[in-house]
Amino acid sequence: MVRVGITFKMGAALLLMLCLVFPTAELSISSAMGKSVPSDASAIQADAFNKQVEQMYRHVQDGHMQAVQEDLRRISSLFEASSFEGLTGVEGIHILAECIIEMKEATARASAEPQHWMLAAGKLRLAADSLVHTHDALWLQYFKLIREDLQLMDQHAAKGDARSVKTAYENLKQRHELIRPAMVIQRKPEEVNMLDSWLSYAGGVTASSDLEQVRKIVLQGEELINMLFGKKKDEPALAPLSEAKDPWAWQLVLAAFIVAALTFVGYRKYRGQQYTSKPIFPRKM
């Protein structure tokens, strides 16, 4: 009887420990990434926020200034009334606020700086989308474009073409600026900071025209991009530029011609017409 009593007490103690540990396991894992377990309310708030931002982005594409301003008022109200708890960390909330402020400022100067207006709209659009789409967020579609920028840096460095290396780096830097808020929302701060540091260092190397060193840093950039985009460690980020045979190929080509699209926007503004432009990132399938 004594042995049975001891066994019962041990079992009860073990059960208590399990009850205490396992309900918090998910919270502990999420907390390590700066997040807590998302609630139903957070998910509903994020969905409403994302839909409003998506509508704003469409109005920016159409050049409807008044509609964009009204959208921004609603976006601000939704942001202030929402917590997004469990969907992102403190850094993610902070970057969302920055995107909203930047969009307001860009809208005020849209007539003079249409390119910045489109960029600010794209950043906010990708950031809002990353709140509600964990595994298939829009910003993840930039993997192919970024690895092609890296490949071009490597190819031009091998040919001794320093000017083209700098052009490829600038394209990479612009894409990074566009998707960075979304990355901050979904990735660990230290991972995002590592890419920030690499880009800063790569900028110095390309400016110095040290082409041998450029080829070395491209390999480092490849590893960081694989990590941030959730690719396997041994999966090459540098693929042939001709590799674009999947259903997203035309979308990626469209995004690659953003500069041309924005130049067209400026031209139409100069002619005194209403400006419109193409999306600056691949549409979701």
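What counts and how
Starting afresh in each chain, residues are numbered from 1 along the sequence in its written order. For a predicted model such as this one, the threshold for reporting local features is a pLDDT of at least 70, and the threshold for listing and counting side-chain atom pairs is 80 or more; totals across whole chains, interfaces and linings nevertheless cover every residue. The basis for every side-chain value is the complete set of heavy atoms in the structure, and neither hydrogens nor water enter the calculation. Here a salt bridge means any side-chain nitrogen of Lys or Arg lying within 4 Å of a carboxyl oxygen belonging to Asp or Glu. What counts as a helix is a DSSP run of H or I of at least four residues, what counts as a strand is a run of E of at least two, and both are numbered from the N terminus. Pairing of aromatic side chains requires ring centres within 6.5 Å, counting the rings of Phe and Tyr and the six-membered ring of Trp. Pairs whose planes differ by under 30 degrees are stacked, by over 60 edge-to-face, and all others tilted. Charge over a ring is defined by NZ of Lys or CZ of Arg lying within 6 Å of the ring centre and within 35 degrees of the ring normal. Helix span, expected: 1.5 Å multiplied by one less than the number of residues in the helix. Contacts between residues were defined by any pair of non-hydrogen atoms, one from each residue, lying within 4.5 Å. Note on geometry: axes are C-alpha line fits, over the in-contact stretch for helices, and angles between N-to-C directions span 0 to 180 degrees. In what follows, roughly perpendicular refers to angles from 65 to 115 degrees, roughly parallel to angles under 35, roughly antiparallel to angles over 145, and oblique to any angle outside these ranges. The crossing is said to be left-handed when, going from far helix to near helix, the turn is anticlockwise and less than a right angle, and right-handed when the turn is clockwise. Under this grouping Gly is polar, as are all residues other than the nonpolar Ala, Val, Leu, Ile, Met, Phe, Trp, Tyr, Cys and Pro and the charged Asp, Glu, Lys and Arg.

(A) Region of interest: the pattern of salt bridges. According to the stated counting rule, one finds 10 salt bridges in the structure shown. A salt bridge links E70 to R74; the shortest N-O distance between them is 3.4 Å. One end of the pair is E70 and the other is R74, both in helix α4 (residues 65–81) and 4 residues apart, which spans about a single turn. Among the ionic pairs, K123 bridges to E102, the shortest N-O distance being 2.9 Å. In this pair, K123 sits in helix α6 (residues 114–132) while E102 sits in helix α5 (residues 90–108), placing the two residues 21 residues apart along the sequence.

(B) Summary view of the packing of aromatic side chains. Counting across every chain of the model gives 5 aromatic pairs. One aromatic cluster is present, formed by F49, F79 and F84 through successive ring pairs. Residue placement shows K231 over the ring face of F143; its charged tip is 4.8 Å from the ring centre.

(C) Quick look at helix α10 (residues 211–228). For α10, with 18 residues, the first-to-last C-alpha span of 25 Å sits near the 26 Å given by 1.5 Å per residue. Among the structural elements, α7 (143–159), α8 (162–186) and α9 (189–208) are those in contact with the buried residues of α10.

(D) How the structure looks around the packing of helix α3 (residues 40–62) against α6. As a packed pair, α3 and α6 sit with axes 9 Å apart at the nearest point and diverge in direction by 155 degrees. The pairing of α3 with α6 is recorded here as roughly antiparallel in orientation. Crossing of α3 over α6 shows left-handed handedness. Two secondary-structure elements touch here, α3 through A46, D47, F49, N50, V53, E54, M56, Y57 and V60 and α6 through W117, M118, A121, G122, L124, R125, A128, D129, L131 and V132. By residue class, the composition of the contact of α3 with α6 is 13 nonpolar, 2 polar and 4 charged.

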